Amino acid sequence: MADEIDTLLDDAVRYRDLRLADDVNSPPDFNFTRITSYSDFAIKTDDDGKDVTSKKDSSIQVRDTIFQGRGLYANKDIEQGVHLIVAKPLVMVMSWEVSDSEDDEIDSEDELDYDDDDDDDEAMIEPERQHHLNKDNLENVESDDEKSALVGDNEDEEDDERDNIKIAAQQDNNQDDHCDDNDSGDESMPLGEKRNGILILRLLDKIKADPVLWTEKLCQLFPRDEETALNLPPWMCSCARIGLEIEQGFNELPSLHLFPCEDNEETCKEIQLRLPLIVRYNVLSVETAPEQYSHFDSEKGMVELNGTALYGPEVSYLNHSGNPNLSRMSIGDVMFFVTNRAIPRGDQLSFSYIEHEILCESEEKRTAILDMDFKDFDEDDNDSPDQISNKKQRVASAKRGGKGNLKTGPMIDAVVQNEIMSTQPFERLDLILDLLNNPEPVDPEQDFQCDRYTLHSLRAITLDQLGRCADALPDWQRCIDFATKTFPPIDENTMNFHVQAALCAKHAKKIDIATDHARKALEMHNKIWGGGNELFLKRYEGDFSKPLRPISQEQMAVDVEQLFGSNKNKLV
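**Description of the pairing of strand E4 (residues 70-74)**
And step 1. Among the 5 residues that make up E4, 4 are buried, leaving the element largely enclosed by the rest of the structure.
And step 2. Pairing between strand E3 (residues 60-64) and E4: 5 bridges, direction antiparallel. By the bridge assignment, Asp-64 is partnered in E4 with Arg-70.
And step 3. Between the antiparallel neighbours E3 and E4 lie 5 residues, among them Gly-69 with a positive phi of about 70°.

**Some thoughts on the nonpolar core**
One broad rule of soluble globular proteins: the nonpolar side chains tend to lie buried together.
And step 1. Judged by nonpolar contacts, the single largest core of 102 residues is most densely connected at Ile-85, Phe-336 and Phe-564.
And step 2. Those residues in contact with Phe-336, other than ones at most four positions away along the chain, are Met-1, Ile-5, Leu-8, Phe-32, His-83, Ile-85, Val-86, Ser-327, Arg-328, Met-329, Ile-331 and Trp-529.
And step 3. With 35 residues, the next largest nonpolar core counts Val-91, Leu-232, Cys-237 and Ile-271 among its residues.

**Focus: the pattern of salt bridges**
And step 1. Tallied over the full model, the rule gives 25 salt bridges.
And step 2. Between Asp-464 and Arg-549 there is a salt bridge, and its shortest N-O distance comes to 2.8 Å. Of this pair, Asp-464 sits in helix H15 (residues 449-465) while Arg-549 sits in the loop between helix H20 (541-545) and helix H21 (553-564), and the two are 85 residues apart along the sequence.
And step 3. Accessibility expressed as a relative area gives 0% for Asp-464, which makes it buried.
And step 4. Linked by salt bridges that have partners in common, Asp-516, Arg-519, Lys-520 and Glu-523 make up one network.

**Thoughts on the sheet that holds strand E10 (residues 307-310)**
And step 1. The sheet built from 3 strands is open, its strands ordered E6-E10-E9 with antiparallel pairing. If you trace the sheet from one side to the other, it starts and ends with strand E6 (91-94) and strand E9 (284-286), each paired once. Here the strands of the sheet are splayed against their neighbours by 30° on average, with no regard to which way each runs.
And step 2. Examined bridge by bridge, E9 and E10 share 3 bridges and lie antiparallel to one another. Bridge pairing in E10 links Leu-284 to Ala-309.

**Looking at the sheet that holds strand E13 (residues 334-339)**
And step 1. One open sheet holds the 3 strands; their spatial order is E5-E13-E12, and the pairing between them is antiparallel. What marks the edges here is a single partner per strand, and that holds for strand E5 (83-87) and strand E12 (326-331). The average undirected angle you get between the axes of adjacent strands in this sheet is 20°.
And step 2. Across 4 bridges, E5 lies against E13 in antiparallel orientation. The partner of Ile-85 across the bridge, within E13, is Phe-337.

**Observations concerning the side chain of Gln-465**
And step 1. With respect to the secondary-structure elements, Gln-465 resides in helix H15.
And step 2. A relative accessible area of 3% means that Gln-465 is categorised as buried.

**Examining the packing of aromatic side chains**
And step 1. Inspection of every chain in the model, using the stated rule, returns 18 aromatic pairs.
And step 2. Geometrically, the ring pair formed by Phe-222 and Tyr-281 is edge-to-face, given 5.5 Å between the ring centres and 85° between the ring planes. Placement of Phe-222 in the loop between helix H6 (212-217) and helix H7 (226-230) and of Tyr-281 in helix H9 (residues 261-282) is noted, with a sequence separation of 59 residues between them.
And step 3. The exposure class of Phe-222 is partly exposed, given its relative accessible area of 34%.
And step 4. The exposure class assigned to Tyr-281 is buried, which follows from its relative accessible area of 5%.
And step 5. Look at Phe-351 and Tyr-353: their rings are 5.2 Å apart centre to centre, the planes differ by 55°, and that puts the pair in the tilted class. Across this residue pair, the class does not change: Phe-351 and Tyr-353 are buried.
And step 6. Following the ring pairs from residue to residue traces out a cluster consisting of Tyr-453, Trp-476, Phe-482, Phe-487 and Phe-497.

**Points about unusual backbone geometry**
And step 1. The linkage connecting Phe-222 with the following residue, Pro-223, adopts the cis geometry, with an omega of -5°.
And step 2. Relative to the assigned elements, Pro-223 resides in the loop between H6 and H7.
And step 3. For Asp-22, which is not glycine, the phi dihedral falls at a positive 60°.
And step 4. Tracing the backbone through its elements, the reader meets Asp-22 in the loop between helix H1 (2-20) and strand E1 (42-47).
And step 5. When its relative accessible area of 56% is taken as the criterion, Asp-22 is described as exposed.
And step 6. The backbone phi angle of Lys-509 is positive, close to 65°, even though this residue is not glycine.

**Some words on a negative patch on the surface**
And step 1. A cluster of acidic side chains, namely Asp-225, Glu-226, Glu-227, Glu-262, Asp-263 and Glu-266, defines a negative patch on the protein surface.
And step 2. Secondary-structure elements contributing two or more residues to the negative patch are H7 and H9.
And step 3. Per-element accounting of the negative patch gives the leading share, 3 residues, to H9.
And step 4. By secondary structure assignment, the location of Glu-227 is in helix H7.

**Digging into the confidence of the model for the protein**
And step 1. On average, residues of the protein carry a pLDDT of 79, and 70% of them reach 70 or more.
And step 2. Of all helices and strands in the protein, the one with the weakest mean pLDDT is helix H12 (residues 385-399) (42), whereas helix H5 (residues 194-209) scores best (97).
And step 3. Below pLDDT 50 for its whole length, residues 106-154 participates in 134 contacts with residues either more than four positions away or in separate chains.

**A few points about helix H18 (residues 511-529)**
And step 1. Here H18 is 19 residues long and its end C-alpha atoms lie 26 Å apart, about the 27 Å a rise of 1.5 Å per residue gives.
And step 2. Inspection of H18 places Ala-514, Thr-515, His-517, Ala-518, Ala-521, Leu-522, Met-524, His-525, Ile-528 and Trp-529 among the buried residues, and these make up the whole buried set.
And step 3. One or two steps after H18, the chain reaches Gly-530, where phi turns positive at roughly 70°.

**Details of the packing of helix H16 (residues 469-486) against helix H17 (residues 492-507)**
And step 1. For the pair H16 and H17, interaxial distance at closest approach is 9 Å and the crossing angle is 160°. The angle between the axes of H16 and H17 places the two elements in the roughly antiparallel class. In the packing of H16 onto H17, the handedness of the crossing is left-handed. Taking contact as the criterion, the partners of Cys-469, Ala-472, Leu-473, Trp-476, Cys-479, Ile-480, Ala-483 and Thr-484 in H16 are, on H17, Thr-494, Phe-497, His-498, Gln-500, Ala-501, Cys-504, Ala-505 and His-507.

**With respect to the environment of Gln-80**
And step 1. Summarising the element assignment, Gln-80 is placed in the loop between E4 and E5.
And step 2. Classification of Gln-80 as partly exposed rests on a relative accessible area of 34%.
And step 3. Ignoring any residue separated from it by four or fewer positions in sequence, one finds Gln-80 in contact with Thr-339, Asn-340, Arg-341, Ala-342, Pro-489, Ile-490 and Lys-527.

Criteria and cut-off values
- Residues numbered from 1 in each chain as written.
- Predicted model: local features only at pLDDT ≥ 70, side-chain atom pairs only at ≥ 80, totals over all residues.
- Heavy atoms only, no water.
- Buried < 20%, exposed > 50% of the residue type's maximum accessible area, 1.4 Å probe, protein only.
- Helix = DSSP H or I, 4+ residues; strand = E, 2+ residues; numbered from the N terminus.
- Pairing = 2+ DSSP bridges.
- Core = buried A, V, L, I, M, F, W, Y, C linked by side-chain atoms within 4.5 Å.
- Contact = heavy atoms within 4.5 Å.
- Salt bridge = Lys/Arg side-chain N within 4 Å of Asp/Glu carboxyl O.
- Axes fitted to C-alpha atoms, helices over the stretch in contact; angles between N-to-C directions.
- Phe/Tyr/Trp six-rings, centres within 6.5 Å; stacked < 30°, edge-to-face > 60°.
- Patch = residues over 30% accessible without salt bridge, like charges linked within 9 Å, V, L, I, M, F, W, Y side chains within 5 Å.
- Areas by Shrake-Rupley, 256 points an atom, 1.4 Å probe, with all protein chains shown as cover.
- Lys, Arg positive; Asp, Glu negative; His and termini not counted.
- Charge placed at Lys NZ, Arg CZ, Asp CG, Glu CD.
- pLDDT = per-residue confidence, 0-100.
- Expected span 1.5 Å × (residues − 1).
- Parallel < 35°, antiparallel > 145°, perpendicular 65-115°, else oblique.
- Left-handed = near helix turned anticlockwise from the far one by under 90°.

Encoded structure:
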């Protein structure tokens, strides 16, 4: 499989370059031979009171669960590091498509009065946290005078800006700064994101071209019947123009006679009711890793491949867990679900619908962030029905934005991160230290453990940019400690931390520490992707081509070879 992944990376680079040249205007469609088919799964059914399982040699079994609807289970013992499911989407929309359409709709008369944020809050699993960096021309700065000049002379303005960021971060603790599917102020009519509206339109076009898409795939996804759909909040697009196109598409379906005469009208009504909810509850964000820390621009990173997609039952039947046994990665439109530990036969297969740094938080916080109309119970939850009801009420109140209630996200979210990283580096360090040492008491229900982890990662990045690698290394280690304790055993963010810690320690002349982090990064990458050092170096080529630290490209190449290409860390 390593050879095919190598080809996928080449395809991703070509697609990125074409996008940057405005030579492609549609989502990627990469070739990959080992795509998982739902028809290959074992299906467990009840036949006259007896359990009957088809295709017993399959690794995956489909079963109905008590509380989570349909789910996927291990049909045999499965080892760690297996690419258990590899999938391509039924339909996909790229983030740049949504941005382009927003640019074309400057006139606010075409929009309902709600923000259409760029964050993929809608997706079942949100994008891995991207730290957008501001290098501030520090790579060639050597003297203290030059550094002082970069900071600026107006200390009063700097203090005001720092105070504004801290105030914004604190205010963000009491209210959401974005509009998602349950943030309309009216629980009965949530406004859905524009990107989901685009997906619905594309699915309607596909159904018109091939009605089997509905009868054999889409109709199997949650909500799987009209009764369930009627008990869920209805969906309406936040973009009035797209909403009208969706309505027109639904209205013309019956006249196309896509389905048997006796069922045509009822089937079209069912599609109109269920399809928006199927998209709402089953979409996934798609990001091509591992670009995280060194290169924030689209010319080096893979942000042109970010998007939102809907997959078939082979993916949508995977349920959420706070202790997932699958990790999810993507290259372009090809998505991989990799076993992050050994899975015994009979265990349910699951991944996290939320970012892995949130998994350590309380069940109320996880449920509020999930925003999926179900509760994320702790594994050992033994609450009474009354206690569970009280927790659900607190979460529901928080999601409505009640004053003093739980905020549905960390304080140091993407918006605050960008504000922090937009400040000058020396001022940024003071600001981060102020936030880390904030003496003001924080309500436990609004205090996210991952906020400190995020701040330490921003501090490590900033210190590295300034060439203070010996000072940055403890912050990288804190991030690794948090990730090792909180994230699943195989996780790309943990691997990225080890990569940056290795390079940081090498620059700080702590060779033994650097070698140890490099070894751990290589071992984890090989468990996920295989391919040894060569594939690792190819996947991180963009990161290594634009150093985070103020060193020459030549020295960076030497460091990379010594850490990740030497015989000492060589992987077969």
